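Letter by letter, the chains look like this.
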Amino acid sequence: MINGSENRARDHAYSSFTQKLLSQDITPGQIVSQRELVELTGMPLGAIREMIPRLEADGLIKTVPKRGLQVLNIDLDLVRNAFQLRRMIEGEAIALFCAQASTAQIAQIATDHRTIRAQAVGGLPEDLLAEAQKMDWAFHDLVVDAMGNQIISDIYRVNAIKIRLIRNSDTRMLPELAVSVMDEHLAVIDALLARDTAAAVTAMHAHIDSAKRRALGV
């Protein structure tokens, strides 16, 4: 039986691994050993061994006989599958958010987005670009977590890691994309303010489809 401290070490190792993955210290498709993961994450070997089954279950690594552990590889199927899952989850989530979120909460979200959009028109310095990216991700996280379903939130979080790993630069917030991404969000938010569930779902799907097209380069 794993005790509390072992659970914490495993969770810390998982978090460290995903952070290294997102910061590109560990790259998609890379073959690594358990010992290399110890060096990369700074976690003890025991925690690494406990972490591996979770990473395998989440599809972030797979065991390659006689070679080691292969990090998730980015390919066309991953892009299509990840965005399809995102579309399913966030379509349902935005419908519930439209029905349940307070008008004050939605109004604040709208104000924050309009402020960033106004700044983006004139070009975004690095710090504001980072803020825009954070707002982008936080909006989606908020909508999904508002469902109050931990199973869905956990699945969404793992899928979000995969989407953020997709190497096409157009899936990230770039200065030239900031206005269009904010506009896509504001289309969703305006539908929320109007309590128009169908329009909110349509706008969310359109936003996700736009991100998918950028990822596929079409």
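Residues numbered from 1 in each chain as written. Predicted model: local features only at pLDDT ≥ 70, side-chain atom pairs only at ≥ 80, totals over all residues. Heavy atoms only, no water.

**Some details on the nonpolar core**
One recurring pattern in soluble globular proteins is that nonpolar side chains are buried together. What counts here: In plain words, nonpolar cores are sets of buried Ala, Val, Leu, Ile, Met, Phe, Trp, Tyr and Cys residues tied together by side-chain atoms within 4.5 Å. When a residue's accessible area, from a 1.4 Å probe over protein chains only, is under 20% of the maximum for its type it is buried; when over 50% it is exposed; and in between it is partly exposed. Strands here mean DSSP runs of E at least two residues long; helices mean DSSP runs of H or I at least four residues long; both are numbered from the N terminus. The contact rule is simple, with two residues in contact once any of their heavy atoms fall within 4.5 Å.
Judged by nonpolar contacts, the single largest core of 31 residues is most densely connected at Phe-83, Ile-94, Phe-97, Phe-139, Val-188, Ile-189 and Leu-192. Broken down by secondary-structure element, the contributors of at least two residues to this core are α4 (76-100), α5 (103-121), α6 (126-145), α7 (150-165), α8 (178-193) and α9 (197-216). Considering every element that reaches this core, the biggest residue donor is α4, with eight residues. In this structure, Ile-94 is in contact with Val-143, Val-188, Leu-192, Ala-200, Val-201 and Met-204, ignoring residues within four places of it in sequence. In terms of nonpolar packing, the next biggest core, distinct from the first, is built from 22 residues, Tyr-14, Ile-26, Leu-37 and Leu-72 among them.

**Some thoughts on the packing of α4 against α8**
Two measures define how a pair of helices packs: the angle their axes make with one another and the distance between the axes. Defined as follows: Orientation is described by axes fitted as lines to C-alpha atoms, over the contacting stretch for helices, and by angles from 0 to 180 degrees between their N-to-C directions. With respect to orientation, any angle under 35 degrees is reported as roughly parallel, any angle over 145 as roughly antiparallel, any angle of 65 to 115 as roughly perpendicular, and every other angle as oblique. Polar here means any residue other than Ala, Val, Leu, Ile, Met, Phe, Trp, Tyr, Cys and Pro, which are nonpolar, and Asp, Glu, Lys and Arg, which are charged; Gly is therefore polar.
Contact geometry of α4 with α8 gives a least axis separation of 9 Å together with a crossing angle of 40°. Between α4 and α8, the angle is such that the two are oblique. Of α8, the residues touching α4 (which contributes Ile-94, Phe-97 and Cys-98) are Val-188, Ala-191 and Leu-192. In the contact of α4 with α8, the residues fall into six nonpolar, no polar and no charged.

**Side note on the sheet that holds strand β3 (residues 68-71)**
We count it as follows: DSSP bridges decide pairing: two strands pair if at least two such bridges lie between them.
With respect to topology, three strands assemble into an open sheet ordered β1-β3-β2, the strand pairing being antiparallel. The open sheet terminates on both sides in strands that have one partner only, identified here as β1 (31-32) and β2 (61-64). Note that β2 and β3 share four bridges and pair antiparallel. The residue bridging Ile-61 from the neighbouring strand is Val-71, located in β3.

Distances and angles like these do not, on their own, reveal function.
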